[in-house]
Amino acid sequence: MQKKFDVIIIGGGVVGSMIARRLSRFQWDVLLIEKGADVGVGSSSANTAIVHAGYDPLPGSLKARLNVLGNTMFDQLAGELNFAFDRRGDYVVAIGDEEFAELEKLMVQGKKNGVPGMSILPGAEVRRREKHITPNVSGAVWASTGGICDPFQITVAAIENAINNGVTVMLETEFQDFIFEGKRIVGVKTNRGDIGCTWAINCAGMYSDFVMHKAGIRPDFKITPRRGEYFILDRAEISIDNVLFPTPTEKGKGILVTTTVHGNTVIGPNALIIDDKEDRSVTTAGMDEIWEGAMKLIPSLKKSHIIATFAGIRSYGNGPSRDPSLNYNHDFIIEIPEEVQGFVNLGGIESPGLTSSPAIALEVEDMLRDAKALPAEKRDWDPIRLARPRFREMSHQERQLIVERDPAYGRVICRCENITEGEIIAEIHAPLPARNYDAIKRRTWCGTGRCQAGFDTPRVVAILAKELGVSPIDITKKGPGSEFLFRKTKEVEG
Amino acid sequence: MTEEMKKLICIACPKGCTLDLTMSGDTILKIENASCKNGYEYAEREIHDPRRMVASTVKVKDGVHPLVPVYTEKAIPKRQIHELLKELREVEIQAPVEMGQVVLADVLGTGISVVASRSLPKAM
Amino acid sequence: MAIKDMYDVVVIGSGPGGLAAAISAKKAGADDVLIIERDVELGGILLQCIHNGFGVEIFKEDLPGPGYAQRFINDALSLGVETMLDTMVLDITSQRKIYVSSKTYGFRIIEARAIVLAMGCRERTRSQIRLPGTRPAGVYTAGMAQRWTNVEGYMPGKKFVILGSGDIGMIMARRLTFEGAKVERVLEIMPFLTGLTRNYVQCLLDYDITLQLHHTVKRIIGNDRVEAIEAVQVDDKWNMVPGTEEIIPCDSLLLSVGLIPENELSRMAGVLIDPVTGGPFVDETFQTNVPGIFAAGNVVHVYDLVDWVTEAGFAAGDGAGKFAIAQKKKAAQSINLIAGNNVRYVVPHRIEKENLKDEPIRLQMRVRQPMEEPVWVEVHDGDNLITRKGERYVRPGEMVTVTLKPKDFDAIRKTDRLTVQVVPR
């Protein structure tokens, strides 16, 4: 094996990125491998972006503990990594008297989980705080520690900070198998060759079952993909102020109507068990279902306000809780298994995975410390990842200054969201370069507005081609196989 | 010869009347459903000498864009469109291009030229 | 060319509507007219509409889009219309302040005595019609494919299915066929053609491209790139008819499902939008509800013949030009009072010349700093002293006045600004 690292993290979603960042504090070589063309392209790229307060998971579960802990870490995290985070609280809305009676259960569960700042509000107060709420609202649980964030920025920011602190990232590098010496993992096989390691960490999200089975761990563990569909609404047409959940049922948290850090209203998700882990279709039935759910909370929404549709897949696992008395079989798996050496195993990290991610990283660090695996800390570890300028967030004076400094910031490429050429170029030359259209889109928010990339796509493709020194024909939407263009107009075959 | 019925959509004006033609071989015996005399003229032309205006692009060297739009000054016989497009693919002209500049003269012996639709300056 | 801070007329967009408006604004007597265009050259959407069919009414000729545009571009430039290219308008206020951003000119604020909105339309998107399926590369609106094929010189696909029998879809069907691609099918959900019949003949029939009415896309198939479209028949109520599904292998789906007037900027300026047209409420001069803001072309409602867009542009530009001239006349009818040396403010701020008759006008002011000495409170027009008043002292706490008497009015009428200052005696 030519390459050898102390740690290989398998999977570059928000969990893998947080762990990479955490482990970069120590004096060893960390590699993160990601099979996609960018980080955060799996579940991390399509979710509701909620930072949950933590009243929802089962008391005593690992989900509950890490959710609540992770939630408390977000202020510092957002300050260090400079991603958008807004702790504006969330609401579980009750309609009618029966649902109102359910709210008390949430309060009790929240208390058990150690969630501070929860109270029950009467319907009138909810109507005062959310003008568009259904008139049938009878009350709501207000969890003041809940919030919203930008799930793309958080992953990219964590990875960039990790890279700045010495972590290596290999994209388009797919895990295939482990290399064993006896019971010890000494390396991984990838599509780019074998790489040696002392520790391998399973952050493969939807494919965490595949990875752990290759390690011979938990043959009964299975990830069942659950797809959730979403609508994004035009913020010029409708703007709600809050994060609104319905009263939960056995099926889960339900279909939200929520604001986002970009000011759009998002509706969703439903929850459908599917077979194909890669099937991120939106469906007629799914879209009807989320619309119906949204109507219950905000009846004034109009279908003409919809500007985007997408679907995300959740890693619904069947992992048992560490505490068997809980009788709960959908908990996070985070462990250093005894059967194999050199392996940290994670599995079933679905909601509240995003919220828990910094706490999960802490948990993994603690486990490695207990296993006496951690080397000394670096003296010069820098937690700060600086934000890059965002033209649309600037005042007139700031805009004038930045355009004077770099005229590329004066050229608006995405007309709906006011994203400039300077910002796009900055992402192409960032510590983890954005090399395809969707990577640019996730990092800059380009192409997400009401014209849905109609204006910007040819321009972004041209910029990517120029900055990467390739032909526009080589530019892809999301990696090899998703090229936009086939050939030059005049070069007809045959 | 036996009589045949043929339908044609007239494109002389946006109305788009569906003309019913009674044909005997290549001869038009009767034209029905035309709302005006343009329909009769169209039917005659379309049966005996169908023609179309053709618009496309040709490659440009050193221009602000790699292609310049061009068009046939007059409608050319329909059956020559395919050949014309093939010829146009081989053409490359030098910027700057003037609107109306002849790009291909006397296309395929028709006496009709292909000209540039716009001016195209040289790239900086 | 240096861009000024104030123009008589600013036109936003240089498609047929904007070009015509700029020309007629100039002809109506506007001194300076500026076109702000977000693309690198003038012409708007016409530049990518390389097919014929333009100018049949106005010029009695059958021109391609770029050729039609060029006529008006030449006219506008020869009339001295100024242009800002590659420049995006970010915001417009109802006071007709325009915020723009560009690589060349930076971030700037430009004021206009009149504005013509000519931003045209954007295309309806896949999400707006809630098309089910995956989100691969290869789903394009017709306009985007047209831009790539005709202007940038790249083919966005090899095998196409087109949704929508509007003119843009049919035109692109022919265009793509001309450049060696294969159009497998055109699907139209309505029971009738939504574009012009002549395009059906010249774009679809001529090239044996199958049109299926009562059909739509059931879902898009393919993860990275489009691999196929599942087409399906619909009934009179647009419900899918089970059993009529057909998988059509292709690598591209072209959407030609409607145009939406682009009025985000209009809304920012306080312009009221008609929910039926999607464009501003306008009067016969195409003025919106905001005085001095006019609108022309597809931004008002979707046209099918560009000649009528030009006509509307001429009307709007004429109205805008006349409005700007009236504004200037009005401004020349007033005199601004400026606070000069040691004067914090003067009230009134403005005197309308038509009110200079028999009654004197008392100016009231406060000073910035006390001057405990004899002073003159002087009113001058920049060159000449109009009048002055002596004061033993001036203090910020005590209001100071000076009176303009009817005998001064003739001198005052000659200027548009008077400055009041306090100087030691």
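Residues numbered from 1 in each chain as written. Chains lettered and ligands numbered in written order. Predicted model: local features only at pLDDT ≥ 70, side-chain atom pairs only at ≥ 80, totals over all residues. Heavy atoms only, no water.

Topic: the overall build of chain A
Part 1 of the reasoning: The number of helices and strands found in chain A is 12 helices and 25 strands.
Part 2 of the reasoning: The C-alpha extent of chain A, read off along each of the three principal axes, is 65 × 65 × 50 Å.
Part 3 of the reasoning: Residue burial in chain A is summarised as follows: out of 494 residues, 61% are buried.
Part 4 of the reasoning: For chain A, the share of sequence-separated contacts (at least 6 apart) that also reach a separation of at least 24 residues comes to 71%.
Part 5 of the reasoning: Accessible area of chain A: about 18900 Å², with a carbon and sulfur share of 50%.
Part 6 of the reasoning: Taking the 60 positively charged and 65 negatively charged side chains of chain A as two groups, their mean positions are separated by 2 Å. (Helix = DSSP H or I, 4+ residues; strand = E, 2+ residues; numbered from the N terminus. Buried < 20%, exposed > 50% of the residue type's maximum accessible area, 1.4 Å probe, protein only. Contact = heavy atoms within 4.5 Å. Areas by Shrake-Rupley, 256 points an atom, 1.4 Å probe, with all protein chains shown as cover. Lys, Arg positive; Asp, Glu negative; His and termini not counted. Charge placed at Lys NZ, Arg CZ, Asp CG, Glu CD.)

What to know about the interface of chain C and chain B
Part 1 of the reasoning: With 29 residues of chain C at the interface, the matching set in chain B holds 27 residues.
Part 2 of the reasoning: Between chain C and chain B the total buried area reaches about 2300 Å² when both faces are included, carbon and sulfur atoms providing 58% of it.
Part 3 of the reasoning: Together, C:Gln70, C:Phe178 and C:Arg198 form the three largest contributors to the area buried by chain C at its contact with chain B, with a combined 23%.
Part 4 of the reasoning: Counting across the interface, chain C meets chain B through 11 residue pairs in polar contact (both at pLDDT 80 or more).
Part 5 of the reasoning: For the side of chain C that touches chain B, the secondary structure elements donating two or more residues are β4 (63–64), α2 (65–78), α3 (142–152), α4 (167–178) and α5 (197–204) of chain C.
Part 6 of the reasoning: Among the elements that line the side of chain C that touches chain B, the one with the most residues is α5(C), at five residues.
Part 7 of the reasoning: Here the residues of the side of chain C that touches chain B sort into 11 nonpolar, 11 polar and seven charged. (Buried area = accessible area lost by both parts, 1.4 Å probe. Polar contact = N/O pair within 3.5 Å; in protein donor to acceptor, adjacent residues only side chain to side chain. Nonpolar A, V, L, I, M, F, W, Y, C, P; charged D, E, K, R; others polar.)

A look at the pairing of strand β20 (residues 306–317) of chain A
It is a general feature of regular strands that their side chains alternate between the two faces of the sheet.
Residue and element names in this part refer to chain A.
Part 1 of the reasoning: Counting buried positions over the 12 residues of β20 gives 11, a clear majority of the element.
Part 2 of the reasoning: Pairing of strand β15 (residues 223–233) with β20 involves 11 bridges; the strand directions are antiparallel. Opposite tyrosine 230, over in β20, you have phenylalanine 310 as the bridge partner. (Pairing = 2+ DSSP bridges.)

Overview of the interface of chain A and chain C
Part 1 of the reasoning: Listed as interface residues are 58 residues of chain A and, on the opposing side, 46 residues of chain C.
Part 2 of the reasoning: Buried area between chain A and chain C, both sides added, is near 4500 Å², and the carbon and sulfur share of it is 56%.
Part 3 of the reasoning: By the criterion of area lost to chain C, the three top residues of chain A are A:Arg450, A:Phe486 and A:Thr489, representing 14% of everything that side buries.
Part 4 of the reasoning: Counting the contacts that link chain A with chain C gives six salt bridges.
Part 5 of the reasoning: Note that C:Asp86 is salt-bridged to A:Arg411, the shortest N-O span being 3.0 Å.
Part 6 of the reasoning: Counting every contact that joins chain A to chain C gives 22 residue pairs in polar contact (both at pLDDT 80 or more).
Part 7 of the reasoning: Secondary structure elements with two or more residues in the side of chain A that touches chain C: α7 (284–297), β20, α9 (396–405), α12 (457–468) and β25 (487–488) of chain A.
Part 8 of the reasoning: Considering every element that reaches the side of chain A that touches chain C, the biggest residue donor is β20(A), with five residues.
Part 9 of the reasoning: In the side of chain A that touches chain C, the residues fall into 25 nonpolar, 14 polar and 19 charged.
Part 10 of the reasoning: Relative to strand β11 (residues 154–155) of chain C, β25(A) runs antiparallel, the two sharing two bridges. Looking at the pairing, A:Arg487 lines up with C:Met155 of β11(C). (Salt bridge = Lys/Arg side-chain N within 4 Å of Asp/Glu carboxyl O.)

Structural notes on empty space enclosed by the protein
Residue and element names in this part refer to chain A.
Part 1 of the reasoning: Counted under the stated rule, the structure contains six cavities of 30 Å³ or more.
Part 2 of the reasoning: Roughly 80 Å³ of volume is contained in the largest cavity.
Part 3 of the reasoning: His52, Ala53, Gly54, Tyr55, Asp56, Val92, Leu106, Phe245, Pro246, Pro248 and Lys253 together form the lining of the largest cavity. (1 Å grid on protein atoms, 1.4 Å probe; cavity = no way out; pocket = protein on both sides within 12 Å on 5 of 7 lines; lining within 4 Å. Points joined across faces, edges and corners; volume = space filled by probe spheres on them.)

Brief notes about the sheet that holds strand β3 (residues 30–33) of chain A
All names here are of chain A.
Part 1 of the reasoning: Judged by pairing direction, the sheet is mixed, and its six strands sit side by side in the order β10-β3-β2-β14-β22-β21 without closing on themselves. Both edges of this open sheet fall to β10 (168–170) and β21 (333–335), since each of them pairs with a single strand only. The sheet shows a mean angle of 15 degrees between the axes of neighbouring strands, direction not considered.
Part 2 of the reasoning: Relative to strand β14 (residues 199–202), strand β2 (residues 7–10) runs parallel, the two being bridged by four bridges. By the bridge assignment for β14, isoleucine 8 is matched with alanine 200. (Axes fitted to C-alpha atoms, helices over the stretch in contact; angles between N-to-C directions.)

Things to note about the sheet that holds strand β2 (residues 18–24) of chain B
Residues and elements named next belong to chain B.
Part 1 of the reasoning: Pairing is antiparallel across the open sheet formed by three strands, whose spatial order is β1-β2-β3. Edge positions in the sheet fall to β1 (4–9) and β3 (27–32), since each of these pairs with one other strand and no more. Direction aside, the axes of adjacent strands within the sheet are offset by 30 degrees on average.
Part 2 of the reasoning: Looking at chain direction, β2 and β3 are connected through five bridges and run antiparallel. In the strand pairing of β3, leucine 21 is matched with isoleucine 31.

Description of the nonpolar core
Part 1 of the reasoning: Core analysis: the biggest nonpolar cluster contains 51 residues, and A:Ile19, A:Ile201, A:Ile334, A:Leu346 and A:Ile360 have the highest contact counts within it.
Part 2 of the reasoning: Listing elements by their share of this core, those giving two or more residues are β2, α1 (14–23), β3, α2 (62–81), α5 (151–164), β14, β22 (343–347) and α8 (353–370) of chain A.
Part 3 of the reasoning: Ranked by size, the runner-up nonpolar core spans 43 residues in total, among them A:Phe484, C:Met144, C:Met155 and C:Leu176. (Core = buried A, V, L, I, M, F, W, Y, C linked by side-chain atoms within 4.5 Å.)

Observations concerning the pattern of salt bridges
Part 1 of the reasoning: Evaluation of the coordinates by the stated rule reveals 69 salt bridges over all chains.
Part 2 of the reasoning: Of the charged contacts, one joins C:Asp206 and B:Lys78 as a salt bridge, the two residues approaching to 3.0 Å between their closest N and O atoms. Within this pair, whereas C:Asp206 is found in the loop between α5 and β14 (211–212), its partner B:Lys78 is found in the loop between β7 (76–77) and α2 (81–90), the two belonging to separate chains.
Part 3 of the reasoning: Of the residues examined, C:Asp206 reaches a relative accessible area of 15% and is grouped as buried.
Part 4 of the reasoning: Each of the salt bridges in this network shares a partner with another, and the network as a whole consists of A:Asp38, A:Glu160, A:Arg385, A:Arg388, A:Glu427, A:Arg442 and A:Arg443.

Some remarks on the domain arrangement of chain B
Part 1 of the reasoning: Along its sequence, chain B is organised into domain 1 (4–48) and domain 2 (55–116).
Part 2 of the reasoning: Here the C-alpha centroids of domain 1 of chain B and domain 2 of chain B sit 31 Å apart. (Domains from an automatic or database assignment.)

A short note on the environment of A:Gly319
Residues and elements named next belong to chain A.
Part 1 of the reasoning: On the secondary structure map, glycine 319 appears in the loop between β20 and β21.
Part 2 of the reasoning: Residues glycine 319 and proline 122, spaced 197 residues apart in sequence, show a C-alpha to C-alpha distance of 38 Å.
Part 3 of the reasoning: Discounting chain neighbours no more than four positions away, the residues touching glycine 319 are Phe221, Tyr328, Asn329, His330, Asp331 and Ile333.

Describing the packing of aromatic side chains
Part 1 of the reasoning: The final tally for this structure, using the stated rule, is 21 aromatic pairs over all chains.
Part 2 of the reasoning: Arranged with centres 5.6 Å apart and planes meeting at 40 degrees, the rings of C:Phe59 and C:Phe72 form a pair that is tilted. Taken together, the positions of C:Phe59 in the loop between β3 (52–54) and β4 and C:Phe72 in helix α2 put the pair 13 residues apart, joining distant regions of the chain.
Part 3 of the reasoning: Look at C:Phe294 and C:Phe323: their rings are 6.3 Å apart centre to centre, the planes differ by 75 degrees, and that puts the pair in the edge-to-face class. Taken together, the residues span a long stretch of sequence, with C:Phe294 in strand β20 (residues 293–295) and C:Phe323 in helix α7 (residues 306–332) at a distance of 29 residues.
Part 4 of the reasoning: Among the aromatic residues, those joined into a cluster by ring pairs are A:Phe175, A:Phe178, A:Phe180, A:Phe210 and A:Phe343.
Part 5 of the reasoning: Between A:Arg226 and the ring centre of A:Tyr316, over which it is positioned, the NZ or CZ distance is 4.1 Å. (Phe/Tyr/Trp six-rings, centres within 6.5 Å; stacked < 30°, edge-to-face > 60°. Lys NZ or Arg CZ within 6 Å of the ring centre and 35° of its normal.)

Here we look at the side chain of C:Thr87
Residue and element names in this part refer to chain C.
Part 1 of the reasoning: One can find threonine 87 in strand β6 (residues 87–92).
Part 2 of the reasoning: Take threonine 87: its relative accessible area is 1%, and that puts it in the buried class.
Part 3 of the reasoning: One polar contact links threonine 87 to serine 102, side chain to side chain, over a distance of 3.4 Å.
Part 4 of the reasoning: Setting aside chain neighbours within four positions, we find threonine 87 in contact with Ile36, Glu37, Arg38, Val100, Ser101, Ser102 and Tyr105.

A word on a negative patch on the surface
Part 1 of the reasoning: Where like charges cluster on the molecular surface, the negative patch consists of A:Asp275, A:Asp276, A:Glu278, C:Asp224 and C:Glu227.
Part 2 of the reasoning: By relative accessible area, which is 40% here, A:Asp276 ends up partly exposed. (Patch = residues over 30% accessible without salt bridge, like charges linked within 9 Å, V, L, I, M, F, W, Y side chains within 5 Å.)

Observations regarding unusual backbone geometry
Part 1 of the reasoning: In this structure, A:Pro269 follows A:Gly268 across a cis peptide bond, with omega equal to -10 degrees.
Part 2 of the reasoning: Within the secondary structure layout, A:Pro269 lies in the loop between β18 (265–268) and β19 (272–273).
Part 3 of the reasoning: Cis rather than trans, the peptide bond between A:Ser351 and A:Pro352 has omega equal to 10 degrees.
Part 4 of the reasoning: Note that A:Pro352 resides in the loop between β22 and α8.
Part 5 of the reasoning: Even without glycine at this site, C:Lys60 takes up a positive phi of about 55 degrees.
Part 6 of the reasoning: Looking at the element boundaries, C:Lys60 is found in the loop between β3 and β4.

What about the environment of B:Val107?
All names here are of chain B.
Part 1 of the reasoning: Considering the arrangement of structural elements, one finds valine 107 in the loop between β9 (102–104) and β10 (114–116).
Part 2 of the reasoning: In this structure valine 107 comes out as buried when scored by relative accessible area, which is 4%.
Part 3 of the reasoning: A sequence separation of 94 residues divides valine 107 from cysteine 13, and the C-alpha atoms of the two residues are 27 Å apart.
Part 4 of the reasoning: Beyond its immediate chain neighbours, meaning those up to four positions away, valine 107 contacts Leu84, Ile112 and Val114.

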